[in-house]
Each structure stands twice: as structure tokens, then as C-alpha cells.
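Chain by chain, the residues:
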Amino acid sequence: MSRKISAIPADYADWLADIKTRVATARQRAALAANAELIRLYWQIGRDILQRQSAQGWGSKVIERLARDLRAAFPEMKGFSARNLMYMRDFAEAWPDAEIVQQLAAQLPWFHIVVLITRLKDDPAREWYARRAIAAGWSRVTLELNIRNRLHERQGQAVTNFDARLPVPHSELAHETLKDPYLFDFLGLGDEAHERDIENALVRHITKFLLELGSGFAFIGRQFRLEVEGDEFFVDLLFYHTRLKCYVVVELQATAFKPEHAGQLNFYLTAVDRQIKAPDDKPTIGLLLCKTKKRTVAEYALSGIDKPIGVAEYQLVRALPEALGTSLPTVEELESELGAIDDGEFEAATGKRDLHVGGEEKGEKE
């Protein structure tokens, strides 16, 4: 007599979901561990090359021979081109401290590291971008874009009253979230564009706009309607910041900053706090984007404002030095130099697939 198959338990779906989460987490941990081992191996090879070059004085021909011998010994691995061995040497030279490599570089995919050592020659800047890439989950393309746009020179440079209006450490995080200037050259507008033209273009290019704003911003809407005692008011752009846990009101001014702009934005923040903000949300923050500003005028204006506000400039036409961007190789040139090393290198070396360390988008080559 066959045993009757029992019905699926009521909690089966939740149990299955939990198991799937654990499997995915375990795979990610394994991939991260394997990536760290690969990065440490590359650093050790690079350190050996440095030491032997210094002690014995040999040059590129030995590296070319080493590349041939390693490829012959490990034909399934694609990471042993002469060019990549030189990048390993540069890696060890840029980060000679094994502890820093363990704590920082080992958390990044190899191509992120290659970007850092080829794009940046300043040690503090290199470490700054490495930490930001890990914390924010930047893809390699985003990392390259932020380096090209000199993010480290702009981050945290907006004039704000956050120290006086927000508690620590929330004030510090909020201040570091803003930058100055913001680069809107991707809009294709001239310096004489009106506020509504800029606003419309930002919404049309919302993905690039969010990338320029930085991680954590979620777009809520444009010309967001507020009603106070029967009168209508419209916020230019409304966002919610997932890390700050607060709404962010962005107001555009196609003119130089004036103190009255801060007063208007202060009113909008009060209305959002009283009508939209949930009890567990942090105080709403305002960002006033102006064509130009005088820093002292902005500081004086914000000193008498009750709500947390930042003031920054925006640039419709890039004013940052172009020499940086034009002197650096493109992603395609970099990959060509690396001898077409792709995801197969990691797969062959570790037997792992689907490594997306640091938030890499699926489909993007490592």
C-alpha cells in the first residue's frame, strides 16, 4: 500500500526563501574570499618582481619570459600576460604595505585596482577612491567616471549649516553627501539655460543625474505639490536618501545665489517635514543649486536658517581641467592592453563564476 504524500507545509515558502538567501550569501562569501586570494597572489607576484628588479637589475625581457612560462604552466589562466605582470608590479609599488592590501585592495576586483594604479598617482587620492568604491559599491565604469570628474576634490565642499542644525554623526554624513560644484554637462545645455529647461533636462537624464548626485538618492518627483492654507507651492525636485533616511528637497536657481533663496527653501523644508515626513524619518535636507555663489554670502544666509540647507554651484559646461580625461586610456584601451583578460581569468583561476564584488553590474566585463 503506497504511503499518501502529505500536503506541502504552510511555512514551506518562507523556509525555501530563507534557504535561497543563505545559499546566495554563502556563494557571495566564497566569491569574495576567492577574489581576495587572487588579489593577494597578484600583489605577491608584483612584490617579487619589484625586489628582483631592484636586486638583479633585469628588465622587460625577464618579465616576458616569466609570462610565457606561467602561461605554459597554467594554460587555463588568462592573467599572466606580460602587461598584466607589469600591472602586478605597479600594484605592489603603489601599495607596498601588505596590511593595506589585505584590508582594502583585497575587497576590490582586479580591474578596479588597475584603474586606481593607472589613473591616480597620488596615494591619498587612490586610497580615498578605493574606500568609496567599496562602501558605495561602484562599478568599474562608475569608478572611472568619478576619477575623471575629480570627485575627491568636490565631495563635501558645499556650504551648509548642517553642523548647527543636525546632530552628530548625521551632520557629518549629510555634509559628505553633498558636493560642489555639480557637473551637469551631460544635459547638453548652454550657460544661459533657464531653470525650467535645466529641470526638464535633469528629469530626462534622471539616471545620469542620480549618478552625479551620488549613491543613496531615490527620485520622488518634480514640481512636487505642497498646499498650505489653500495656497499651492511646488518643489522643483524631491528625493529620498536611503542612507540618511530623510527627504531631500532640491531647488534650482539659474542665477547667482541670493539670501532670499535660502528663505524660500526653508519654507519648503518646513512644509515637507510637517506634511510628508514620517515620524521615523530624519529632518528633511535642502540643496540649493545655483549658477554661482559667493561663499561668505551663503554662509551668512544659512547661519540664520532653522532648517538644514546646503548651497552648491552647478556647471552646465565643464570647467574642470580636460587634460585629465584626455590623457587617460579608455576602458577599451585598457582591456586591449591587458591582453583581453576577462571574466574567464577569474573563473579559470578559482572555479567561481558570477563574482560582482563592489556592486558590479551583470554583463560588465571585469
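Please read all numbers here as calculations on a predicted model, not as lab measurements.

Rules used in this analysis
- All residue numbers refer to position in the chain's written sequence, counted from 1.
- This being a predicted model, a pLDDT of at least 70 is required before a residue's local features are given, and a value of 80 or more before pairs of side-chain atoms are given or counted; all residues contribute to the totals for chains, interfaces and linings.
- The side-chain figures draw on all heavy atoms in the structure; neither hydrogens nor water molecules are used.
- Secondary structure is summarised from DSSP: a helix means a run of H or I of at least four residues, a strand means a run of E of at least two, and numbering begins at the N terminus for each.
- Relative accessibility under 20% of the residue-type maximum defines a buried residue, over 50% an exposed one, and the middle range a partly exposed one, all with a 1.4 Å probe and only protein chains included.
- Accessible surface is estimated by sampling points in the Shrake-Rupley manner with a 1.4 Å probe; for residues, cover comes only from the protein chains shown.
- Put simply, buried Ala, Val, Leu, Ile, Met, Phe, Trp, Tyr and Cys residues joined by side-chain atoms within 4.5 Å make one nonpolar core.
- We call two residues contacting when some pair of their heavy atoms lies within 4.5 Å.
- A crossover gets the label right-handed when its path from the first strand over the helix to the second runs clockwise, viewed with the strands pointing away from the viewer.
- Between the N-to-C directions of two axes lies an angle of 0 to 180 degrees, each axis being a line fitted to C-alpha atoms and, for a helix, fitted only over the stretch in contact.
- These descriptions rest on fixed angle ranges, namely under 35 degrees for roughly parallel, over 145 for roughly antiparallel, 65 to 115 for roughly perpendicular, and the rest for oblique.
- If you view the pair so one helix is near and one far, a crossing is left-handed when the near helix is turned anticlockwise from the far one by less than a right angle, and right-handed when it is turned clockwise.
- Gly is placed with the polar residues, together with every amino acid not listed as nonpolar (Ala, Val, Leu, Ile, Met, Phe, Trp, Tyr, Cys and Pro) or charged (Asp, Glu, Lys and Arg).
- Multiplying one less than the number of residues by 1.5 Å gives the expected span of a helix.
- By definition, the arc is the one covered by directions from the helix axis to the C-beta atoms.
- What qualifies as a polar contact is a pair of N or O atoms within 3.5 Å, subject to a donor-acceptor requirement within protein and to the restriction that residues adjacent in sequence count only when both atoms come from side chains.

Draft legend 1. Inspection of the overall build of the protein chain at higher detail. Within the protein chain one finds 17 helices and seven strands. Looking at the protein chain residue by residue over its 366 residues, the buried ones come to 44%. Carbon together with sulfur atoms contributes 52% to the accessible area of the protein chain, which is approximately 19,200 Å² in total.

Draft legend 2. Molecular detail of the nonpolar core. Counting residues in each nonpolar core, the largest one holds 38 residues, and the members touching the most others are Leu85, Phe91, Trp95, Trp110, Ile113 and Leu116. Within the residue set of this core, elements represented by two or more residues are helix H1 (12-56), helix H2 (60-73), helix H3 (82-94), helix H5 (110-119), helix H6 (123-136) and helix H7 (140-148). In this structure, leucine 116 is in contact with Trp95, Leu108, Arg126, Tyr129, Ala130, Leu143 and Ile147, ignoring residues within four places of it in sequence. If you look at the next biggest cluster of nonpolar residues, it comprises 30 residues, including Ala193, Leu213, Ile285 and Tyr314.

Draft legend 3. Representation of the pairing of strand E6 (residues 285-292) in the model. Taking burial as the measure, the eight residues of E6 include six buried ones, the bulk of the element. For the crossover that starts at strand E5 (residues 246-256), traverses helix H13 (residues 259-275) and ends in the parallel E6, the hand is right-handed. Considered for its hand, the β-α-β crossover made up of E6, helix H14 (residues 295-303) and strand E7 (residues 309-315) is right-handed.

Draft legend 4. Seen up close, the packing of H3 against H5. Interaxial distance between H3 and H5 falls to 10 Å at its minimum, and their mutual angle equals 70 degrees. Taken together, the axes of H3 and H5 lie roughly perpendicular to each other. Note that H3 runs across H5; the crossing there is left-handed. On H5, the residues that touch Asn84, Tyr87, Met88, Asp90, Phe91 and Ala94 of H3 are Trp110, Ile113, Val114, Ile117 and Thr118. Classifying every residue of the contact of H3 with H5 by side-chain character gives eight nonpolar, two polar and one charged.

Draft legend 5. How the structure looks around the packing of H5 against H7. Remark: H5 packs on H7, axes separated minimally by 9 Å, with the N-to-C direction vectors making an angle of 15 degrees. The angle between H5 and H7 places the two elements in the roughly parallel class. In terms of crossing hand, the pair formed by H5 and H7 is right-handed. Contacts between H5 and H7 involve Phe111, His112, Val115, Leu116 and Arg119 from the first element and Arg140, Leu143, Glu144 and Ile147 from the second.

Draft legend 6. The arrangement of H6 in detail. Helix length check: H6, at 14 residues, gives a terminal C-alpha distance of 20 Å against a target of 20 Å (1.5 Å per residue), a fit within 8%. Buried within H6 are the following residues: Ala125, Arg126, Tyr129, Ala130 and Ala133. On an axial view of H6, the arc spanned by its buried residues comes to 135 degrees, and they lie on one face. Summarising the geometry of H6, the exposed residues directed more than 90 degrees from the buried face are Pro124 and Ala135. Where H6 is buried, its residues contact H3, H5, H7 and helix H8 (151-154). With a side-chain oxygen positioned 3.0 Å from the backbone nitrogen of alanine 125, the residue opening H6 is aspartate 122. Glycine 137 sits one or two residues past H6 and shows a positive phi near 70 degrees.

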